[in-house]
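# Examining the three-dimensional arrangement
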Amino acid sequence: MFGAGVLLAAGRLVASAEVSAPRTVAARQRFFGAEAVDAETGVVRADRVVLSWVGCTTYAMAIGGSVFLLDAWVPRLTSTGYVPATPQDLADLAPEAIFIGHGHFDHAGDAGRIAQASGAVVYGTADHGVSIRAQVSDPGFRTVALGDANSRPGERHDFTVGGVEVTAVRHVHSAPTAPERPGGSSPFFPLPELCALVQHPPTLAGVLQSVPRLNDPEGGSLLYQFRVPGFSLVWHDSTGPLTEKAPEVFDVFASLPPTDLQIGAVQGFNQITNGLRDPRRYLEAISPSLFVPTHHDNWLPGITAGAANYDPPLLDELARIPAPSRPELRALHDPADYIRPDRLTFHL
């Protein structure tokens, strides 16, 4: 971890060249489990897929022997320490790549500093790359553009990172639409919870690091599928009303190779009028064996609520999917399931 003095004095994370092998080994063992990481070299096992939840939709992932970040933001705008991690912890993982779902602060707000410190390549739209490179004064990292502002929903990009096959699909950000009737899903929005704000009050450093990112644009939304022999997973950090805005994208989702695990955002603007209909529609198209909801925790105390509040409406929504194609649900709850690699470890 780094202290506030380092941040205020240097305005940066510890650069990758300054990170010792023991520091990287320790970080990887914490996020992926000691049994999945070589104690001498820090190399992660290629015969396992391991993910650790870092709040909101950010995950550290070990897959195919590579270390990736899915989104790059540690929640700390209205609370500090509720998620037991820091941007420096994520930089210490020495990720090979950072994949951005969309550019809002709660998804990409730390991407520039982490990429600068670790040397990670940042994948996202061209618009994401512009915003993320602007987060640091002298960006010494590479960005890979997966489409731009003119990309249409359903546009697909296929590429390989390390030994992992990746497909990125342009979709749409969450947005409110008129209630779907008859037989629509029930509106849902939990009352904000303040306990985390009281127990983990914000710090000046956390506010100063987060506030400049509040106006970062969405820059387009991307869903990713990652594939290694014997396992595939889909991750998306927003879930949009494709039903009204781009129904053709469901066919693109359905054309992807079979998915073992889907980690998908369930909190969104459309829950106010259409409940959790949009997450269900994504599940029906992708048809995973296992579903892990995300973007459902108390990532912004005072406005958001804990993940457990989403269990009842999510179970009701999943019940609408016919049993033969209904995925198994593995609900992660905050704060107990933050940085819990045992919750998402898969043996190949």
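Residues numbered from 1 in each chain as written. Predicted model: local features only at pLDDT ≥ 70, side-chain atom pairs only at ≥ 80, totals over all residues. Heavy atoms only, no water.

## Here we look at the overall build of the protein chain
As a reminder, the rule being used: Only DSSP runs of H or I reaching four residues or more are called helices, and only runs of E reaching two or more are called strands; each is numbered from the N terminus. A radius of gyration in this sense is built from C-alpha atoms; the matching globule rule multiplies 2.2 Å by the number of residues raised to 0.38. Burial here depends on accessible area, computed with a 1.4 Å probe over protein chains only, as a share of the maximum for the residue type. Under 20% is buried, over 50% is exposed, and the range in between is partly exposed.
Of regular secondary structure, the protein chain possesses 13 helices and 14 strands. Against the globule reference of 20 Å for 348 residues, the protein chain gives a C-alpha radius of gyration of 19 Å, in line with a compact fold. Across its three principal directions, the C-alpha atoms of the protein chain cover 60 × 45 × 40 Å. Looking at the protein chain as a whole, 60% of its 348 residues are labelled buried.

## Some words on the confidence of the model for the protein chain
So the rule is basically this: One confidence number per residue, pLDDT, is output by the predictor and ranges from 0 to 100. By definition, residues are in contact when any of their heavy atoms lie within 4.5 Å.
In the predicted model, the protein chain carries a mean pLDDT of 94, and 95% of its residues have values of at least 70. Segment residues 1-11: pLDDT under 50, and 14 contacts once partners within four positions in sequence are set aside and those in other chains are kept.

## Examining the pattern of salt bridges
What counts, and what does not: The rule for a salt bridge is simple: a side-chain nitrogen of Lys or Arg has to be within 4 Å of a carboxyl oxygen of Asp or Glu.
A complete count under the given rule lists 19 salt bridges for this structure. Across the pair aspartate 216 and arginine 213 runs a salt bridge, and its minimum N-O distance is 2.7 Å. Arginine 213 shares its class with aspartate 216; the two are buried. Linking aspartate 342 and arginine 340 is a salt bridge whose minimum nitrogen-to-oxygen distance equals 2.8 Å. Salt bridges sharing common partners tie together Glu180, Glu244, Arg277, Asp278, Arg280, Arg281, Glu284, Glu317 and Arg320.

## Topic: the pairing of strand β3 (residues 66-70)
Here is the rule: Strand pairing requires that DSSP identify at least two bridges connecting the strands. Orient the strands so they point away from the viewer; a crossover is then right-handed if the path from the first strand over the helix to the second runs clockwise.
Of all the 5 residues making up β3, 5 are buried; the element is thus mostly covered by neighbouring parts of the structure. Neither face of β3 is open: one carries Ser66, Phe68 and Leu70, the other Val67 and Leu69, and all of them are buried. Hairpin connection from strand β2 (residues 59-63) to β3: 2 residues lie between these consecutive antiparallel strands, with glycine 64 at a positive phi of about 60°. Bridge count for β3 against strand β4 (residues 97-99) is 3 bridges, and the pairing is parallel. Bridge pairing links phenylalanine 68 to alanine 97 in β4. Chirality of the crossover, the property in question, places the unit of β3, helix α3 (residues 87-92) and β4 among those that are right-handed.

## Overview of the sheet that holds β3
Note the threshold: Simply put, an axis is a line fit to the C-alpha atoms, just over the touching stretch for a helix, and the angle between two N-to-C directions goes from 0 to 180 degrees.
Taken together, the 7 strands give an open sheet; going across it, the order is β6-β5-β4-β3-β2-β1-β14, and neighbouring strands pair in mixed fashion. Both outer strands of the open sheet, β6 (143-145) and β14 (345-347), are each paired with one neighbouring strand and no more. Within this sheet the neighbouring strands show an average axis-to-axis angle of 20°, counted without direction. Two elements, strand β1 (residues 48-53) and β2, share 4 bridges in a ladder whose sense is antiparallel. Note that in β2 the partner of leucine 51 across the bridge is methionine 61. Here helix α2 (residues 21-32) sits on the sheet and contacts β1, β2 and β3; the angle it forms with β2, its principal contact strand, is near 95°.

## Section: empty space enclosed by the protein
Our working rule: Residues are said to line a cavity or pocket when one of their atoms sits within 4 Å of a point; the points come from a 1 Å grid over protein atoms alone, cavities being sets where a 1.4 Å probe fits but cannot get out and pockets being open sets with protein on both sides within 12 Å along at least five of seven lines. Grid points are joined across faces, edges and corners, and a volume is the space filled by probe spheres set on the points. In the scheme used here, Gly and all other residues not listed as nonpolar or charged are polar, with Ala, Val, Leu, Ile, Met, Phe, Trp, Tyr, Cys and Pro taken as nonpolar and Asp, Glu, Lys and Arg as charged.
What the rule picks out here adds up to 1 cavity of 30 Å³ or more. What the largest cavity holds in volume is close to 50 Å³. Across the lining of the largest cavity, the residue classes break down as 2 nonpolar, 6 polar and 1 charged.

## Concerning the packing of aromatic side chains
Let me state the cut-off plainly: Aromatic contacts are taken between Phe, Tyr and Trp rings whose centres are within 6.5 Å, Trp giving its six-membered ring; a plane angle under 30 degrees counts as stacked, one over 60 as edge-to-face, and the others as tilted. The rule is short: NZ of Lys or CZ of Arg within 6 Å of the ring centre and within 35 degrees of the ring normal puts a charge over the ring.
One pass over the structure, following the stated rule, counts 17 aromatic pairs. Between phenylalanine 99 and tyrosine 123, the aromatic rings sit 5.0 Å apart at their centres with planes inclined by 15°, giving stacked as the arrangement. Highlighted residues: phenylalanine 99 in strand β4 and tyrosine 123 in strand β5 (residues 121-124), separated in sequence by 24 residues. For the ring pair phenylalanine 188 and tyrosine 310, a centre distance of 5.1 Å and an interplane angle of 80° mean the geometry is edge-to-face. With phenylalanine 188 in the loop between β8 (164-171) and α7 (195-199) and tyrosine 310 in the loop between β12 (290-294) and α13 (311-318), this residue pair connects regions lying 122 residues apart in the sequence. Residue classification places phenylalanine 188 among the buried residues on the basis of a relative accessible area of 18%. By way of ring pairs, the aromatic residues Phe68, Phe99, Tyr123, Phe159, Tyr224, Phe226 and Trp235 are connected into one cluster. If you follow arginine 133 out to its NZ or CZ, it ends over the ring of phenylalanine 141, 5.4 Å from the centre.

## Here we look at the environment of valine 74
Mapped onto the elements of the fold, valine 74 is located in the loop between β3 and α3. Along the chain, valine 74 and proline 187 lie 113 residues apart, while their C-alpha atoms are 29 Å from each other. Beyond its immediate sequence surroundings of up to four residues, valine 74 is in contact with Val54, Ala85, Thr86, Pro87, Leu90 and Asp110.

## A closer look at the environment of phenylalanine 31
Counting through the fold element by element, phenylalanine 31 comes out in helix α2. Residues within four places of phenylalanine 31 in sequence aside, it is in contact with Val50, Ser52, Val54, Ala60, Ala85, Asp89, Leu90, Leu93, Ile339 and Pro341.

## Focus on the nonpolar core
Short version of the rule: We call a set of buried residues a nonpolar core when its members are Ala, Val, Leu, Ile, Met, Phe, Trp, Tyr or Cys and they connect through side-chain atoms within 4.5 Å of each other.
Among the nonpolar cores identified, the biggest contains 68 residues, and Phe32, Leu51, Phe99, Tyr224, Phe226 and Leu233 are the most heavily contacted of them. Ranked by residues supplied to this core, first place goes to β2 with 5 residues. Apart from the residues within four sequence positions on either side, leucine 233 is in contact with Val49, Leu51, Met61, Ile63, Tyr224, Gln225, Phe226, Thr259 and Leu261. One finds Val249, Val252, Phe253 and Leu256 within the second-largest nonpolar core, a separate group that totals 14 residues.

## Re a nonpolar patch on the surface
Test applied: Every patch collects residues that have over 30% relative accessible area and no salt bridge, joining them within 9 Å if they carry like charges and within 5 Å if they are nonpolar side chains (Val, Leu, Ile, Met, Phe, Trp, Tyr). Only the protein chains shown count as covering a residue, and every accessible area follows the Shrake-Rupley method with a 1.4 Å probe.
Residues Leu194, Leu197 and Val198 make up a contiguous nonpolar surface patch of roughly 270 Å² in combined accessible area. As for its placement among the helices and strands, valine 198 is situated in helix α7. Using a relative accessible area of 63% as the deciding quantity, one classes valine 198 as exposed.

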